[in-house]
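Each chain is listed here by its residues.
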Amino acid sequence: MPTTSQSARSSNRTATVGRLFLLDLSGNRLLSVNPDGSDEKVLVTDCMHPDGVVVDTEAGHIYWTNMGAFGVNDGSIERADLDGGNRTAIVPQGSTHTPKQLYLDKKNGKLYWCDREGMRVMRSNLDGSKIETLVQTGEGDTDRKDQTRWCVGITVDSERGHVYWTQKGGDDAGVGRIFRANLEIPKGQTPSNRTDIQLLFGDLPEPIDLELDHENRVLYWTDRGDPPRGNTVNRASVAAATAPAQEPEIVLTHLMEGIGITLDLRGDRMFMTDLAGTIYCARLDGSEKRPVLVAQGNITGIAFAEIPLEEK
């Protein structure tokens, strides 16, 4: 497998370079850095508790979620150019309660996200229109207090028509779960009563963000629960039509409240964040773990992208 270099990669049309995009919860900032931690740039400030980030390199856009104030239905999703310019809200406050991890389905022109206190899995068009709820795990303030209903991490396999998400449970509670469902709600059913939801993994410490190796059908996720199974990166095959029989493989340990994860499959590496403010890099099997940056605030979402060299 070829290794992604930190220098420019040439393509048929333009040279590209790897870049990491990060969200700092404590500083309410969107940042970008080289994969080795150099050339840090602040792209956007005054975010409202940012959490999930994705990059549309073709269109030259960054999308991110803002959780808003705790306990208030004021979450939003924003978009900006790769340099932070032309910032605009595409999903305004009040349309989603506490949006968390974000997924870009470029081929089908969709954004997917989990809404934590909204207790739902959602999607919209890339311009924020046609907001839909795909899964609803609870309703009202009483259900909202039940953290087992909170949807957090998300990824999508559009080719096979699946959405995956985490329901983390309480802090370090050991009741976290990962689910899979079809992208489309079965005919005659609703987001709250659909019958095609599969429980893939249960009794997890506290699963947070997801990433999918689509070709190999391997799911990766961070877990911020208690050691030894928590504060880890885990992976498992999701190729089977039914719930996997095998236990997830812990490939990396000793995170400090692990949150974000992004894969560079061509480079055989992954990048992770934790709330202690460290960005880590490791091979996909968890080996060669090393810090890229430390003491960066409370880092939540992270996205790796190969962007045009002139946009760096």
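Right, let's talk about the side chain of Asn 66 for a bit. Within the secondary structure, Asn 66 sits in strand E6 (residues 61–66). You can call Asn 66 buried: its relative accessible area is 1%. There is a polar contact of 3.4 Å between the side chain of Asn 66 and the backbone nitrogen of Met 48. In contact with Asn 66, other than residues within four places in its own chain, are Cys 47, Met 48, His 49, Pro 50, Gly 75, Ser 76, Glu 78 and Pro 99.

Turning to its location among the elements, Met 272 is positioned in strand E22 (residues 269–274). For the pair Met 272 and Pro 291, spaced 19 residues apart in sequence, the C-alpha separation works out to 9.4 Å.

Take the sheet that holds strand E9 (residues 99–105) next. As summarised here, the arrangement of the four strands in space is E9-E10-E11-E12, forming an open sheet in which the pairing is antiparallel. At either margin of the open sheet sits one strand with a lone partner, and together these are E9 and strand E12 (132–136). Adjacent strand axes in the sheet meet at a mean angle of 20° when their direction is disregarded. Direction of pairing for E9 relative to strand E10 (residues 110–115): antiparallel, over a ladder of five bridges. Among the inter-strand pairings, Leu 104 is bridged to a residue of E10, identified as Leu 111.

Let's shift gears to the confidence of the model for the protein chain. Residue-level pLDDT values for the protein chain average 93, and 95% of them are 70 or greater. Across residues 1–12 the pLDDT falls below 50, and counting only partners more than four positions away or on other chains, this stretch makes 30 contacts in the model.

Turning to the sheet that holds strand E15 (residues 176–182), a few remarks are in order. Judged by pairing direction, the sheet is antiparallel, and its four strands sit side by side in the order E13-E14-E15-E16 without closing on themselves. The outermost strands of the open sheet, each flanked by one partner alone, are strand E13 (151–157) and strand E16 (198–204). Ignoring which end each strand starts from, the neighbouring axes of this sheet average 15° apart. For strand E14 (residues 162–167) and E15, the ladder comprises six bridges, and the chain directions are antiparallel. Paired with His 162 across the two strands is Asn 182, which belongs to E15.

Judged by how many residues are buried, strand E7 (residues 75–81) sits mostly within the fold: five of seven residues are covered. Two elements, E6 and E7, share six bridges in a ladder whose sense is antiparallel. Bridge pairing in E7 places Asn 66 opposite Ser 76. Note that E7 and strand E8 (residues 88–96) share four bridges and pair antiparallel. Bridging from a neighbouring strand, Gly 75 pairs with Thr 96 of E8.

Time to look at the nonpolar core. In this structure, Phe 21, Leu 30, Val 44, Val 53, Ile 62 and Trp 64 are the most contacted members of the largest nonpolar core, which totals 16 residues. Cys 114, Val 163, Trp 165 and Phe 179 belong to the second-largest nonpolar core, a separate cluster that totals 14 residues.

So, on to the environment of Arg 266. Along the polypeptide, Arg 266 turns up in the loop between strand E21 (258–264) and E22. For Arg 266, a relative accessible area of 44% gives the class partly exposed.

What counts as what
Just so you know, the residues in each chain are numbered from 1, in the order the chain's sequence is written. Since the coordinates come from a predicted model, pLDDT governs what is reported: local features require at least 70, and pairs of side-chain atoms require 80 or more to be given and counted, while whole-chain, interface and lining totals use all residues. As a convention, hydrogens and water are excluded, and side-chain values are obtained from all of the structure's heavy atoms. By definition, any uninterrupted DSSP run of H or I lasting at least four residues is a helix, any uninterrupted run of E lasting at least two residues is a strand, and each is numbered from the N terminus. Each residue is placed in one exposure class: buried if its accessible area under a 1.4 Å probe, protein chains only, is under 20% of its type's maximum, exposed if it is over 50%, and partly exposed if it falls in between. For the purposes of these results, a polar contact is taken to be a pair of N or O atoms within 3.5 Å, where, inside protein, one atom must be able to donate a hydrogen and its partner to accept one; residues adjacent in sequence count only when each atom of the pair is a side-chain atom. In what follows, a contact means two residues having at least one pair of non-hydrogen atoms within 4.5 Å. When DSSP locates at least two bridges between a pair of strands, those strands are taken to pair. Axis definition: a line fit to C-alpha positions, over the contact stretch in the case of helices; interaxial angles, taken between N-to-C directions, run 0 to 180 degrees. For every residue, the predictor assigns a confidence score, pLDDT, that lies between 0 and 100. The criterion is simple. A nonpolar core is a set of buried Ala, Val, Leu, Ile, Met, Phe, Trp, Tyr and Cys residues joined through side-chain atoms within 4.5 Å.

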